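Summary of the model geometry
The lines below spell out each chain.
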Amino acid sequence: MLRTIQMIKFRNRIVHLYQEVNNEQVYEILQTGLSDIQEFIDQIEKNVLQ
């Protein structure tokens, strides 16, 4: 759940504070964190689509 909260916060930074987004951090997330998206989808299916 913590990772999901971090994803949401980062998404908000990208959308609202894009000028402060660190390109290296985005690259690292794309290289190592894409599995978090599947976890997020699984949580939606569990909590919303029951």
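Structure shown above.
Figured I'd write up the structure that's included with this text. (Residues numbered from 1 in each chain as written. Predicted model: local features only at pLDDT ≥ 70, side-chain atom pairs only at ≥ 80, totals over all residues. Heavy atoms only, no water.)

**Some thoughts on the overall build of the protein chain**
The test is simple: Helix and strand assignments come from DSSP, with helices taken as H or I runs of at least 4 residues and strands as E runs of at least 2, each series counted from the N terminus. The cut-offs for exposure are 20% and 50% of the maximum accessible area for each residue type, with area from a 1.4 Å probe on protein chains only; residues under the lower value are buried, those over the upper are exposed, and the others partly exposed. Note that accessible areas follow from Shrake-Rupley with a 1.4 Å probe, and for residues the cover is restricted to the protein chains shown.
A tally of helices and strands in the protein chain yields 3 helices and 0 strands. When the elements of the protein chain are put in sequence order from the N terminus, they spell out α-α-α. Taken over the C-alpha atoms alone, the protein chain extends approximately 40 × 25 × 15 Å along its principal axes. When each of the 50 residues of the protein chain is scored for burial, the buried share is 12%. For the protein chain, the accessible area works out to roughly 4500 Å², and carbon and sulfur atoms hold 58% of it.

**Some words on the environment of Tyr27**
Tracing the backbone shows Tyr27 in helix α2 (residues 23-32). Separated by 12 residues in sequence, Tyr27 and Val15 place their C-alpha atoms 17 Å apart.

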